[in-house]
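Examining the three-dimensional arrangement
Okay, here's what each chain looks like letter by letter:
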Amino acid sequence: MPPSCDTVPEADAADTKMADPKIIDLIKAREGEGQGPFTSLEFFPPRTDEGVKNLYARMERMKESTSPLFTDITWGAGGSTADLSLDLALHMHNNGHVANMHLTCTNMDESIIRDALQKCLDGGIRNIVALRGDPPEGQDEWKATEGGFTCALDLVKYMRAEFGDAFGIAVAGYPEGHPNAITELKPEEVENMTESEKKRCSVIDRVTAVCRDEDYKKEMDYLKEKVDAGADVIITQMFFDPEVFINWVKDCRAWGIDCPIIPGLMCINAYAGFKKMIGFCKTRVPPALEEKMESMKDDKDAVKQFGIEYGAEVCQKLLDAGACGLHFYTLNLEKVVYGTLDKLGISSGLLEQSNEKDAASMVAKGSAWCKKGDTVKSSAGEGTVVEIKADGTAVVDIGGETHELAKGAYEKLGNAV
């Protein structure tokens, strides 16, 4: 029987002080006390033991230096990082973070979901991000298990039915529309976009894509369903145009979505990583941002410094518009987060304390498959992936020459971050 909404779950009845507070309760408490906006952090599970050790140290440093309201840990596609994600979430909880563990239902059997939630409950974790999830790396399409969950809404409903109010539940919001709901347009269609579509469309490699108005409405209806089913916080997909977020929040309120909405902010750390993510998520990039990134793409230090400046500019616009907090997708790094917070005046002197000597160890677990921008090694040498074909063949730039390497003939060295 699921825990009652009015009782303490049995796993914590003996010592309720060990359980994390719910994020929604922390936000409401801050609002009640008239406190200003908060910050929060997100990390992913590293592939190696060395990476995990280094991440433990970074988590501790960033907890002490930024005092995040909560800290997220991601869950790999298809449960590829399930055990490590849970271990990291418990580590965070046991070391003073309010842990917010991601949980996806991609290719996930109900028993695995229940087991993960029960272990969180027993370990004192009280916050979950309910997600459908991406296809496992190497697969192009998302698939549900037979009789399993088909979407994040299913997962929200399941959690409330089976665990009552034991968990605070966050869900994802997509200011530009979910990537699956974004359509590439033909030239004649571009000319006929509505004003609202023009404000959220993206142009990548001269191809215009947008979540059409009819699909955008479906997206908003679905988000409302997730909140009505029991989600109490929304954390957004990354975006680089603050006006898109601001307009989307207004639409959320018009749709009757009244819960806290936290903007998710992807730190710009490197040109290759930036290009990889905007391509994967079909993210709108303001022309001035694109021009600036292209002008410095071969200067790693300049890109990172600009990431700080642009990050602070976006954050300030969000805060001026009334954002309740700032959620940083850290990419397991700290320099851009520290520099952004210093520029905002939220902190002072953190940038000078940043240490990213361990950056090479911050490769995501479960990412053995490669994507465009990743670094690989083969008998032909080391190079950068420029394309992955359907059969796993990687097209790799090695010293200016293009090589096609069959699946299994190359080894991934690092992500484009």
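Calculation notes
- Residues numbered from 1 in each chain as written.
- Predicted model: local features only at pLDDT ≥ 70, side-chain atom pairs only at ≥ 80, totals over all residues.
- Heavy atoms only, no water.
- Pairing = 2+ DSSP bridges.
- Helix = DSSP H or I, 4+ residues; strand = E, 2+ residues; numbered from the N terminus.
- Contact = heavy atoms within 4.5 Å.
- Axes fitted to C-alpha atoms, helices over the stretch in contact; angles between N-to-C directions.
- Parallel < 35°, antiparallel > 145°, perpendicular 65-115°, else oblique.
- Left-handed = near helix turned anticlockwise from the far one by under 90°.
- Nonpolar A, V, L, I, M, F, W, Y, C, P; charged D, E, K, R; others polar.
- Phe/Tyr/Trp six-rings, centres within 6.5 Å; stacked < 30°, edge-to-face > 60°.
- Lys NZ or Arg CZ within 6 Å of the ring centre and 35° of its normal.
- Buried < 20%, exposed > 50% of the residue type's maximum accessible area, 1.4 Å probe, protein only.

Here we take up the sheet that holds strand β12 (residues 325–329). Taken together, the nine strands give an open sheet; going across it, the order is β10-β9-β5-β4-β3-β2-β1-β12-β11, and neighbouring strands pair in parallel fashion. Edge positions in the open sheet fall to β10 (261–262) and β11 (264–266), since each of these has one partner strand only. Direction of pairing for strand β5 (residues 168–173) relative to strand β9 (residues 233–236): parallel, over a ladder of four bridges. Across the sheet, Ala-170 pairs through a bridge with Val-233, a residue of β9. This element, helix α12 (residues 300–320), spans β11 and β12 of the sheet and lies at about 150° to β12.

The next point concerns the packing of helix α11 (residues 287–295) against α12. Where α11 meets α12, the axes come as close as 10 Å, and the angle between the chain directions of the two elements is 160°. It follows from the interaxial angle that α11 and α12 lie roughly antiparallel. Helix-helix and strand crossings are classified by hand; for α11 and α12 the assignment is right-handed. The residues of α12 that touch α11, namely those facing Leu-289, Lys-292 and Met-293, are Val-303, Phe-306 and Tyr-310. In terms of residue class, the contact of α11 with α12 is built from five nonpolar, no polar and one charged.

In this section: the packing of aromatic side chains. Within this structure, the stated rule accounts for seven aromatic pairs. In textbook terms, an aromatic cluster arises when at least three aromatic residues are bridged by ring pairs, as seen for Phe-239, Phe-245 and Trp-248. Against the face of Tyr-216 rests Arg-200, its NZ or CZ located 4.1 Å from the ring centre.

For helix α13 (residues 335–344), the tally of buried residues reaches eight of ten residues, placing the bulk of the element in the interior. Buried residues along α13 sit in contact with β1 (38–43), α2 (49–66), α12, β12 and α14 (350–353). The first or second residue beyond α13 is Gly-345, which carries a positive phi of 85°.

On their own, these measurements won't tell you what the molecule is for.
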